[in-house]
Amino acid sequence: MSWLRTTSLTFARQLSRTLDPRHDYEPQACYNSFCKHWQQAHDIIIKSQPQHLHDDVLGVVNHLEQLTTLLVLEARAREINRMSSPASCLEYLLSENLLDKLYEWAICTGKYENAVRLEQLKLFGNLISHYGSQVIAAEPFLRPLLKLLSGFRNQLPPPNLESQLVSVLNQLCVLLMQNMKFIDLFFLMTHTQNGSQAEFIIGRLLLSSVHIEGSAGSVARDAFLLCAKMSAKCPPLAHCLLAGNACPILATGLSGLYSLLPRSLSVSRLTPDDVNRVHKLTLFIDSLEFCNAVAQVAHPSIRKHLLDLLYQGFLVPVMGPALLQSGSAEQATAMAYLELLLRCVTSGGLLRVILHFLFTYEYDGIKVIDVLLGRLEGNNQLCLVTLSLMETLIDLNCEDVMLELVYKYLLNGNHLMAMYRHKLSDPEPYRDAAVAFLGLRPRCCMRPVEKTRQWVDDLALSGRRVLDFKREDENRRVNGMHGDIVMTNLVHEVNFDYGNPNETLYNNYHAYLCDARFEIVSRSIACANWSYKYDSIPPKRETNNNLTKETKEIDTQTPMREQDSLVSVCTSGYDTLKTSDTSEKEPHSLNSLNEVAENSKVIEQQCNETKDSDSLTSFGESSGYDSFKYRVDENEDDGFAEDSFRKSFVKSTDTRMYDEVPSVRNWRVSAETIIGPLILSLLKKAANFLESDVSITCRVSSILSKLASLPTPLLTVLLLCPGFVLQPNVPSLFQILNRLKEEIDELTNGLDNTSELVDKARVFLIQREMTLVKSRAQTNEDSQPRPNSPAQRGDDSPFKRVEAKRRSFSSSFSNMFNKKTSLSPTQHNSHSLQNSVNNSSAQRLPIFTQEAYWNQSITLRSVLNAVILDEWLKELSALCEEQALRLSADCYENDTYIRSVAL
C-alpha cells in the first residue's frame with residue numbers, strides 16, 4: 001500500500017478506477033493508510049494560515065482524493081465478498097466526524113471555497129453510490145451533507161460545481177426512490193414572513209438547473225422527475241414542491257424557451273434531425289418532454305397546477321398569439337412548432353390540455369382549430385404545414401378529435417342518399433371498389449416496369465446510370481411482384497423484406513396490401529374503446545304532442561375508457577373556460593337551417609332529463625361534438641384526479657336532430673356543411689392533383705388514405721365506395737379521380753415523348769425513395785442521441801428520433817418531399833434533402849433526377865403527379881380489399897400481425 005503515500009493526485013484517480021479489490025486490497029493496510037491520510041489532512045487544517053492558504057487547500061484536496069480512493073476500494077471489496085469484510089474506513093470516517101470537520105474548515109477557505117466544496121461533493125457522491133442506505137441516515141454523514149446543500153440555496157455555482165452538485169442530487173433521488181422511508185430526512189424548516197414551512201432541499205436545488213443546457217440540465221431533469229414520481233406516493237413532498245413554485249418554474253421555463261425559437265423556417269414538418277440541428281429547438285423539446293413526463297408521474301395536485309399554468313401561461317398567451325401572427329411565414333412556422341408539440345407529448349401528460357386548447361379556446365369568437373382549418377386554402381407552405389398538422393391529429397386516433405374534424409358532420413347521414421344509409425357495413429361495395437380504383441389508372445402508366453428498366457439500361461450505356469434495377473429470371477418476381485397485379489382478399493403473412501435498402505417498393509401491390517392491413521389493424525386496435533363504432537346512422541327523433549321518442553335503440557357499444565377520450569382532459573382550473581358560453585350551435589350545422597324553435601325546446605327539455613355525464617356521446621340526443629365542454633361542480637374538491645374529471649364533465653344541452661333534410665332544401669346546404677371543411681378541402685386539393693406542387697399532392701394522398709384506413713364505415717363509404725350514391729352537392733373521391741384520369745389521358749395523347757417522361761418520373765421517384773431509405777439507415781447507424789437526453793431513453797420518449805420504416809411505396813410519399821429548404825433562418829445555410837442528395841453528384845446525374853426539373857412546366861408536373869396518382873390508386877384499391885376483409889372477418893383486429901411487421 002506504499003503507492004498511496006507517494007503517488008500523484010492524477011495517478012491516484014486513475015488507480016482508483018483500475019485497481020482490482022481481489023488482488024490489490026488488504027484491509028488492515030487500507031485502514032492504516034486511510035487514518036494516516038486523514039491525520040495529515042487534519043494537521044494541515046489545524047495549522048492552516050491565510051498566507052499559505054493555496055498550498056494548504058492543495059494539500060487537503062490531495063489527501064481527500066486518497067481518502068476517496070480507499071473508501072471506493074473498500075466498498076468494491078465488500079461487494080465482492082458480499083459484505084463479509086468490515087467497513088473499517090467508513091466506520092472511522094463516521095466515528096471521527098471527518099465530514100463535519102471538513103465542512104467547517106471549507107467555509108473558511110475564502111476564494112478557494114468552491115474548490116473544496118467540489119471535492120466534498122465528490123466524496124459525498126462516492127459514499128452515496130457505494131454505501132447507499134448504510135450512510136444515508138447516519139448523522140455524521142447527513143448533518144454535513146445538509147449543511148453543504150443548504151449553502152447552495154441562494155447561490156448560482158460555477159458550471160463545474162453545478163454539474164457535480166446535480167450529480168449528487170441525482171444519486172440521492174435514486175437512493176430515496178429505492179428507500180422512501182428516508183425521504184423525511186431531507187425536509188428542512190425555513191422561516192419566512194408567513195411563518196415556518198417545510199422545504200424539500202433536493203427539489204429546491206434541482207429546480208434551478210432543470211432548464212440549463214448540457215448534461216447537467218439532463219441529469220437535473222432526470223432527478224427532478226424522480227422527485228415528481230415520489231410525490232405521487234408522498235403527499236408532504238407534493239405539498240413542498242407546490243410551495244416551492246416548482247410548477248411556475250417549469251411552465252415559465254417552457255414559455256421562455258419557446259420565445260427563443262426562430263420565427264420563420266421554410267419547413268413543412270419538423271423531423272428528429274431538424275430538432276437536433278437547431279440548438280434552441282433541441283432545448284425546447286427537451287424541456288417539453290420533461291414537463292410532459294412530470295405531468296405523467298407527479299401527484300395529482302402537481303399535475304393539475306402544472307397543466308393549469310401551461311394552459312394559462314403558455315398555450316393561451318404564447319402559443320395562441322404565435323399562431324395568429326399576420327405573416328404567412330410566421331404562421332407556418334408556429335403551426336410547425338404546434339405539430340411538433342403534438343408528436344412530443346402523450347395522453348397521460350400534456351396532450352389533452354393542448355387538444356383542449358385547440359378545440360375549445362376562442363379568439364374573437366372563433367375556435368383555434370377553425371382558424372387553422374381555414375389555412376388549408378393558404379399559400380403552398382401554409383397549406384403544407386396545415387396538412388401536416390391535420391395528419392398528426394388524425395394519427396392520434398382520438399375519438400373526440402375525429403368527432404370535431406369529421407364525424408360530427410357525417411352523423412346525420414345527409415351526405416348519402418336515403419336508400420344507402422342502412423348498408424354501411426356491407427363488405428361487397430368495397431370489393432367492387434377495389435377493382436374500380438384499379439380501372440382508373442392512367443393509360444400512360446400502363447407501361448410495364450420492364451420497359452423502364454430497359455430505358456435505364458440504355459441510359460447507362462452513356463455512362464449516366466441512375467438506378468440498378470434488380471434482375472431476376474423471367475419466371476421469378478421482379479421488385480417483389482409478378483408482371484400482372486394479383487388481387488387477393490387473404491393476405492396473412494408478410495414475406496417482403498421492407499428493410500432492404502436495395503429493393504424498391506414501386507409497383508408492388510403486395511406491399512400495398514400489407515401496408516393496408518397494418519394501417520387498418522393498428523387503427524382498429526387503437527379505436528377499439530371508442531364510445532361509438534360509427535358504422536351506422538344514429539337514430540333520428542320524432543316529435544309528437546311535445547313528446548320525444550327514439551325510433552330505434554342503439555346497439556350496445558364497447559364501454560369507453562376515460563383515458564382514451566378527452567372527456568377527462570379538462571381540469572377545473574381554466575377560468576377562461578369556466579366563464580365562456582360555448583353552448584351555441586355549430587354555425588355549420590345542417591339542422592340549424594331547418595330546426596324550428598318548438599322542436600328545439602322539446603329536445604332541450606328531454607336532454608336535461610336524460611343526459612349522462614359519464615358518457616362521451618348519447619346519440620339519441622346529441623351528436624357528441626361538444627364533448628370538449630365541461631363545467632365545474634362548486635362542491636367538488638380541487639384535486640386533479642380522474643374521478644373529479646368525470647364528475648366535473650357534463651355534456652352540452654345543445655341538441656341536434658338527425659331527421660333527413662328534404663331534398664328541396666339541399667340546394668341551400670353547402671358541401672362544407674355536409675361533410676365538413678377538412679374533408680371538403682382535401683377533396684378540392686385532390687381535384688387539383690395534377691397542377692399542385694408534388695409535396696402537397698403527396699401529403700393529401702397520405703391523409704386521405706389514413707382517413708380511409710379508419711374502422712368507421714360512416715367515413716370509409718364516403719371515400720372508398722363509388723357504389724354508394726352521394727347527395728348531388730357532395731363531391732366523390734372516385735369521381736374526382738376518374739376526372740383526373742380523363743385529364744391525364746387527354747394530356748398525354750398529345751405528347752410525343754410520353755413514355756420517356758413516365759420513365760423519367762418513375763426513376764425520379766424511385767431514386768427519392770432509395771435516398772430516403774439509405775438516409776434513414778445511415779441515421780440509425782451513425783447518429784448518437786444526446787447524452788442523458790429523453791432521446792436516449794428509447795420508447796420512453798414520445799418523440800421518436802428515428803422515423804418508422806416504409807411499408808409501401810406511397811407510404812413514403814409524404815417524406816420524400818418533406819423539406820424544401822433549410823431550417824436556418826438565413827438562406828445561405830440551406831441544406832434541403834434534394835440538395836444534400838445531388839450536390840456531390842450533380843455533374844453525373846441527369847437533370848430529371850432533380851426536383852426543379854419537374855417544376856419547369858405544368859406538363860412535366862402533371863406527368864410526375866400522374867405516376868404518383870397511379871401508385872395511390874393501388875393503395876386505395878388495397879385499402880378497399882382490407883376494409884372488405886375487416887367487415888367480413890369474425891376476428892380481424894389482431895395485434896399479432898402488427899408485431900410481425902415490427903415498425
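Attention here is on the structure that accompanies the text. This one's a predicted model, so the numbers in the text were calculated from it and none came from an experiment.

Calculation notes
Residues numbered from 1 in each chain as written. Predicted model: local features only at pLDDT ≥ 70, side-chain atom pairs only at ≥ 80, totals over all residues. Heavy atoms only, no water. Helix = DSSP H or I, 4+ residues; strand = E, 2+ residues; numbered from the N terminus. Buried < 20%, exposed > 50% of the residue type's maximum accessible area, 1.4 Å probe, protein only. Contact = heavy atoms within 4.5 Å. Areas by Shrake-Rupley, 256 points an atom, 1.4 Å probe, with all protein chains shown as cover. Polar contact = N/O pair within 3.5 Å; in protein donor to acceptor, adjacent residues only side chain to side chain. 1 Å grid on protein atoms, 1.4 Å probe; cavity = no way out; pocket = protein on both sides within 12 Å on 5 of 7 lines; lining within 4 Å. Points joined across faces, edges and corners; volume = space filled by probe spheres on them. Nonpolar A, V, L, I, M, F, W, Y, C, P; charged D, E, K, R; others polar. Salt bridge = Lys/Arg side-chain N within 4 Å of Asp/Glu carboxyl O. Expected span 1.5 Å × (residues − 1). Phe/Tyr/Trp six-rings, centres within 6.5 Å; stacked < 30°, edge-to-face > 60°. Lys NZ or Arg CZ within 6 Å of the ring centre and 35° of its normal.

Along the protein, the regular secondary structure elements total 39 helices and six strands. Counting only residues that meet the buried cut, the protein has 57% of its 903 residues in that class. Across the protein, contacts joining residues at least 24 apart in sequence account for 79% of those joining residues at least 6 apart. Summed over its atoms, the accessible surface of the protein is roughly 38100 Å², and 49% of this surface lies on carbon and sulfur atoms.

Let us look at the side chain of Ser709. Structurally, Ser709 can be placed in the loop between α31 (694-708) and α32 (713-720). Accessibility expressed as a relative area gives 1% for Ser709, which makes it buried. At 2.7 Å, the side chain of Ser709 forms a polar contact with the backbone oxygen of Lys706. The contact partners of Ser709, leaving out residues within four places of it in the chain, are Glu519, Ile520, Arg523, Leu879 and Gln883.

Counted according to the given criterion, the structure contains seven cavities of 30 Å³ or more. By volume, the second largest cavity is sized at about 60 Å³. The wall of the second largest cavity is formed by ten residues, among which Ile369, Asp370, Glu404, Lys408 and Tyr409 lie closest to the centre. Looking at which element gives the most residues to the lining of the second largest cavity, the answer is helix α22 (residues 399-410), with four residues. Among the residues forming the lining of the second largest cavity, the class breakdown is five nonpolar, no polar and five charged.

Within this structure, the stated rule accounts for 29 salt bridges. The closest approach of N and O atoms between Arg443 and Asp745, which form a salt bridge, is 3.7 Å. Here Asp745 lies in helix α33 (residues 733-749) and Arg443 lies in the loop between α23 (428-438) and α24 (449-460), a separation of 302 residues in the sequence. Judged by relative accessible area, which is 49%, Arg443 ranks as partly exposed. Of the charged contacts in the structure, one is a salt bridge between Lys874 and Asp870, with a shortest N-O distance of 3.4 Å. One end of the pair is Lys874 and the other is Asp870, both in helix α38 (residues 858-888) and four residues apart, which spans about a single turn. Overall, the relative accessible area of 0% leaves Lys874 in the buried class. Ionic contacts of the salt-bridge type, sharing partners, join the residues Glu391, Asp395, Glu519, Arg523, Arg699 and Lys706 into one network.

On to α38. Here α38 is 31 residues long and its end C-alpha atoms lie 44 Å apart, about the 45 Å a rise of 1.5 Å per residue gives. Along α38, 27 of the 31 residues are buried, which leaves the element largely enclosed by surrounding structure.

What follows is about the packing of aromatic side chains. Going through the model one piece at a time under the given rule, you end up with 23 aromatic pairs. When the centroid spacing of 5.8 Å and the interplanar angle of 50 degrees are considered together, the rings of Tyr420 and Phe724 count as tilted. Of this pair, Tyr420 sits in the loop between α22 and α23 while Phe724 sits in the loop between α32 and α33, and the two are 304 residues apart along the sequence. Geometrically, the ring pair formed by Trp455 and Phe848 is tilted, given 5.5 Å between the ring centres and 50 degrees between the ring planes. Residue Trp455 is found in helix α24, and its partner Phe848 is found in the loop between α36 (833-838) and α37 (851-854); the two are separated by 393 residues along the sequence. Grouping residues by exposure puts Trp455 and Phe848 together as buried. A connected cluster of aromatic rings, assembled from ring pairs, spans Tyr258, Phe284, Phe314 and Tyr337. It is Arg117 that lies over the ring of Phe152; its NZ or CZ is 4.2 Å from the centre. For the cation-ring pair, Lys874 lies above Tyr506, with the distance from its terminal atom to the ring centre recorded as 5.6 Å.

Once that is clear, we can look at the environment of Leu165. Within the fold, Leu165 resides in helix α10 (residues 159-178). A residue is classified by how much of its surface remains accessible, and Leu165, at 5% relative accessible area, is buried. Along the chain, Leu165 and Leu206 lie 41 residues apart, while their C-alpha atoms are 9.1 Å from each other. Once you skip the residues sitting within four places of it in the chain, Leu165 turns out to touch Leu121, Leu149, Phe152 and Leu205.

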